[in-house]
Amino acid sequence: MRFVLRVLKALALLVVLIVVAGAVWLLVRPPELLRVGDGYAAKIVCSNVFVAGRNAEDVLADDVQAPGNPLLRLVRVSVDRDNNRVTARFLGLFASSYALYRGAFGCTSVPDGDFEAAANAVAFDAPARMEANAALWPEGEGVGGRDESIAAVLNDTGIAGPAMRGIVVVRDGRIVAEAYGPGFSAKTPLIGWSMTKTVNAAILGRLMLDGKISFDDNHLLAQWKDDARAKIKVSDLLGMESGLAFNENYGDVADVTRMLYLDPDMVSLPANAPMEAAPGQRFLYSSGTAVLLSRIWMDRVGRAPAAFSYPHDALFSPLGMTSAVFELDARGTFVGSSYLYATAHDWARFGQFLLQDGVWNGQRLLPEGFVGAMRTPTAASNGRYTQGQAWLAPGGSSAAFGLPEDTFWLTGHDGQSMAIVPSANLIVVRLGLTPGWLGYQPQTLLKAVLAALPQARAPQQQAESQGHQPQPQP
């Protein structure tokens with residue numbers, strides 16, 4: 001009996017030692033996967049609490065834990081409203097990660113815990129917030145007559161898709177139908193994820209109009225001057241054909257998750273990536289490419305205050321995108337791959353802007369041909385991606401879905417999409433939390449909306465819709 005007790009005590013001691021050793025290991029050298037998970041949780045909770053005005057526990061449960069890796073269910077978050085911080089820890093103890101709210105610039109991940117450096121990166125007056133007005137959209141937030149046939153389509157949950165949060169349909173320059181998920185409304189800023197890439201490209205296009213950058217520019221970063229990367233052109237980056245290595249696999253710790261949640265300076269990883277192919281020869285979808293584009297256009301703008309206010313001054317303010325919050329990394333580079341929050345109405349304004357070939361209120365804001373590049377496929381992508389950070393065939397060609405051939409798309413993680421159909425003078429914005437493994441395809445929604453449209457317009461009107469769109473009048 002004594003022998004058995006000694007064995008049991010030894011086993012108990014061994015278990016305690018293993019637990020203590022494991023705890024020490026998690027405290028001292030937590031696995032990168034846990035740090036990524038906590039970094040993701042801190043950032044998403046921060047933006048949704050401080051930018052979108054949502055409840056932290058709801059965001060943790062619905063946005064972080066429900067659709068993600070099972071380990072995320074063991075993450076706990078705390079919100080420090082006095083210091084504008086969010087902390088996330090595995091089991092409430094390990095792999096601490098942080099996010100910081102910086103006012104008009106939204107939230108940033110602070111993976112190194114250096115809040116002072118993160119705060120000082122944007123330590124100057126932010127662009128003044130614009131006030132929305134009650135005029136009819138797009139001049140204001142008012143919505144006139146509703147198309148009941150299209151409204152019925154949006155109310156079909158099978159077509160709208162799981163966890164839809166907002167859908168806006170624009171026809172002939174006016175909102176004709178919209179729908180929102182429980183707890184969301186036309187006033188809720190929603191993340192676009194990779195739809196941000198196309199907005200970031202348009203910001204670069206604004207600089208092209210001013211002659212400060214061109215498609216053919218190379219020697220884009222000082223650290224590339226002495227190697228083959230000096231030959232990379234702006235056009236190569238816009239078409240995702242730079243030849244730089246980048247792992248966009250979200251299933252584990254990859255380049256994209258390391259960049260977004262482990263590195264305070266997100267430019268560092270893609271800027272130091274090796275060449276795997278000659279520029280223009282290979283298509284590789286890369287969020288790192290979009291962050292590089294942000295850094296490049298910011299450097300071309302010049303002084304930091306001017307660069308930080310440029311998206312607002314050059315694009316959001318002219319378009320009346322009053323809700324737009326474009327977030328930066330902890331060292332002061334816009335996260336052009338992922339982090340633009342805006343209401344569904346403001347996302348639709350951007351779509352209308354592209355539909356009008358980069359003209360707004362009679363003023364050309366993008367160079368002639370720039371939106372054309374957004375609609376022109378690249379050879380290396382086999383016709384799927386375009387020369388301007390947009391998609392022609394996300395998940396299958398338009399023809400395969402029976403959609404108009406001139407349809408082009410903005411798409412983003414977890415079911416964000418915007419379809420622009422010039423021949424129908426139509427925009428369909430769909431925002432939500434719909435992971436790819438659910439198999440939802442936004443083409444289903446677009447096809448149903450097209451089928452519900454009133455009878456086709458006269459041939460002359462159809463031809464006009466393919467050219468420059470006049471600014472709609474109230």
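Residues numbered from 1 in each chain as written. Predicted model: local features only at pLDDT ≥ 70, side-chain atom pairs only at ≥ 80, totals over all residues. Heavy atoms only, no water.

Caption draft 1: Focus on the overall build of the protein chain. Each helix and strand counted, the protein chain has 16 helices and 14 strands in total. Within the protein chain, the fraction of its 474 residues that count as buried is 56%. Carbon and sulfur atoms provide 54% of the accessible area of the protein chain, an area that totals close to 19,500 Å². (Helix = DSSP H or I, 4+ residues; strand = E, 2+ residues; numbered from the N terminus. Buried < 20%, exposed > 50% of the residue type's maximum accessible area, 1.4 Å probe, protein only. Areas by Shrake-Rupley, 256 points an atom, 1.4 Å probe, with all protein chains shown as cover.)

Caption draft 2: Looking closely at helix α11 (residues 287–301). Between its first and last C-alpha, α11 extends 22 Å over 15 residues, near the 21 Å set by a 1.5 Å rise per residue. Of all the 15 residues making up α11, twelve are buried; the element is thus mostly covered by neighbouring parts of the structure. Among all positions of α11, only Ser287, Gly288, Thr289, Ala290, Val291, Leu292, Leu293, Ser294, Ile296, Trp297, Met298 and Val301 are buried. On its buried face, α11 is in contact with α7 (195–209), α8 (234–238), α9 (255–261), α10 (268–271), α12 (304–319) and β8 (325–326). (Expected span 1.5 Å × (residues − 1). Contact = heavy atoms within 4.5 Å.)

Caption draft 3: Structural view of a nonpolar patch on the surface. Together, Leu33, Leu71, Leu74, Leu91 and Leu93 make up a nonpolar patch on the protein surface, roughly 400 Å² of accessible area in all. Residue class for leucine 71 comes out partly exposed when judged on its relative accessible area of 34%. (Patch = residues over 30% accessible without salt bridge, like charges linked within 9 Å, V, L, I, M, F, W, Y side chains within 5 Å. Salt bridge = Lys/Arg side-chain N within 4 Å of Asp/Glu carboxyl O.)

Caption draft 4: Region of interest: the environment of leucine 72. Secondary-structure assignment places leucine 72 in the loop between α3 (56–65) and β1 (75–80). Given the relative accessible area of 9%, leucine 72 is considered buried. When the C-alpha positions of leucine 72 and alanine 61 are compared, they lie 9.4 Å apart, and in sequence the two are eleven residues distant.

Caption draft 5: Layout of the sheet that holds strand β13 (residues 416–421). In space, the five strands of this open sheet follow the order β6-β5-β14-β13-β12, with antiparallel pairing throughout. Each edge of the sheet is formed by a strand with only one pairing partner; in this case those strands are β6 (174–180) and β12 (408–412). The mean inter-strand angle of the sheet, taken between neighbouring strand axes irrespective of direction, is 5 degrees. With five bridges connecting them, β12 and β13 associate as antiparallel partners. The partner of glycine 412 across the bridge, within β13, is glutamine 416. Across the sheet, α7 lies against β12, β13 and β14 (426–432), angled at about 120 degrees from β12, the strand it touches most. (Pairing = 2+ DSSP bridges. Axes fitted to C-alpha atoms, helices over the stretch in contact; angles between N-to-C directions.)

Caption draft 6: Representation of the nonpolar core. Ranked by internal contacts, the top residues of the largest apolar core, which has 107 residues, are Val45, Trp297, Leu315, Trp347, Phe350, Phe353 and Leu354. In terms of residue count, the dominant contributor to this core is helix α2 (residues 32–50) (nine residues). The residues contacting tryptophan 347, other than those within four sequence positions of it, are Leu190, Ile191, Gly192, Met195, Thr196, Val199, Leu340, Ala342, Met418, Val429 and Leu431. In terms of nonpolar packing, the next biggest core, distinct from the first, is built from 32 residues, Ala179, Met240, Phe283 and Leu403 among them. (Core = buried A, V, L, I, M, F, W, Y, C linked by side-chain atoms within 4.5 Å.)

Caption draft 7: Examining the sheet that holds strand β9 (residues 340–342) more closely. Pairing is antiparallel in the open sheet, where three strands are placed in the order β7-β9-β8. Among the strands making up the open sheet, the edge pair consists of β7 (190–191) and β8. Relative to β9, β7 is paired through two bridges, and the arrangement is antiparallel. Paired with leucine 190 across the bridge in β9 is alanine 342. Across the face of the sheet, helix α13 (residues 344–355) comes into contact with β7 and β9 while running at roughly 110 degrees to β9.

Caption draft 8: Representation of the environment of leucine 292 within the structure. Examined against the element boundaries, leucine 292 turns out to sit in helix α11. You can call leucine 292 buried: its relative accessible area is 1%. Taking the C-alpha atoms as reference points, leucine 292 and phenylalanine 334, separated by 42 residues in sequence, lie 9.5 Å from one another. The residues contacting leucine 292, other than those within four sequence positions of it, are Leu221, Trp224, Leu237, Leu244, Val267, Pro270 and Ala271.

Caption draft 9: Highlighting the pattern of salt bridges. Within this structure, the stated rule accounts for 15 salt bridges. The salt bridge partner of arginine 229 is aspartate 227, with a shortest N-O separation of 2.9 Å. For glutamate 276, the salt bridge goes to arginine 282, with nearest N and O atoms at 2.8 Å. A cluster of three or more residues bridged by salt bridges with shared partners is formed by Arg54, Asp63 and Arg165.

Caption draft 10: Representation of the packing of α7 against α12. The contact between α7 and α12 brings their axes to 10 Å, and the two run at 90 degrees. The orientation of α7 with respect to α12, classified from their angle, is roughly perpendicular. In this structure, α7 contributes Val199, Ala202, Ile203, Arg206 and Leu207 to the contact, and α12 contributes Tyr310, Pro311, Ala314, Leu315 and Phe316. Each residue belonging to the contact of α7 with α12 can be placed in one class, and the counts come to nine nonpolar, no polar and one charged. (Parallel < 35°, antiparallel > 145°, perpendicular 65-115°, else oblique. Nonpolar A, V, L, I, M, F, W, Y, C, P; charged D, E, K, R; others polar.)

Caption draft 11: Structural detail: the packing of aromatic side chains. Within the structure shown, the criterion is met by 16 aromatic pairs. Their ring planes at 40 degrees and their centres at 5.4 Å tell us that phenylalanine 283 and tyrosine 385 sit as a pair that is tilted. In this pair, phenylalanine 283 is assigned in the loop between α10 and α11 and tyrosine 385 in the loop between α14 (370–374) and β12, connecting sequence segments 102 residues apart. Residue classification places tyrosine 385 among the buried positions, given a relative accessible area of 1%. An aromatic cluster is present here, built from Phe105, Trp297, Phe308, Tyr310, Phe326 and Phe334 joined pairwise through their rings. When the ring centre of tyrosine 339 is taken as origin, the NZ or CZ atom of lysine 43, which lies over that ring, is 3.9 Å away. A cation over a ring is seen here: arginine 81 above phenylalanine 50, with NZ or CZ 5.8 Å from the ring centre. (Phe/Tyr/Trp six-rings, centres within 6.5 Å; stacked < 30°, edge-to-face > 60°. Lys NZ or Arg CZ within 6 Å of the ring centre and 35° of its normal.)

Caption draft 12: Up close: the confidence of the model for the protein chain. Averaged over every residue, the pLDDT of the protein chain is 90; the share at 70 or more is 88%. The low-confidence segment residues 14–28 (pLDDT under 50) makes nine contacts with residues lying over four places distant or belonging to another chain. Every residue in residues 456–474 scores below 50 in pLDDT, and together they form 36 contacts with partners more than four places removed in sequence or on other chains. (pLDDT = per-residue confidence, 0-100.)

Caption draft 13: Molecular detail of the packing of α2 against α3. The N-to-C vectors of α2 and α3 enclose an angle of 125 degrees; their axes lie 9 Å apart at closest approach. Comparing the axis directions of α2 and α3 gives the class oblique. Note that α2 runs across α3; the crossing there is right-handed. Note on element contacts: α3 touches α2 through Ala56, Val59, Leu60, Asp63 and Val64, opposite Tyr40, Ala41, Ile44, Val45, Asn48 and Val49. (Left-handed = near helix turned anticlockwise from the far one by under 90°.)

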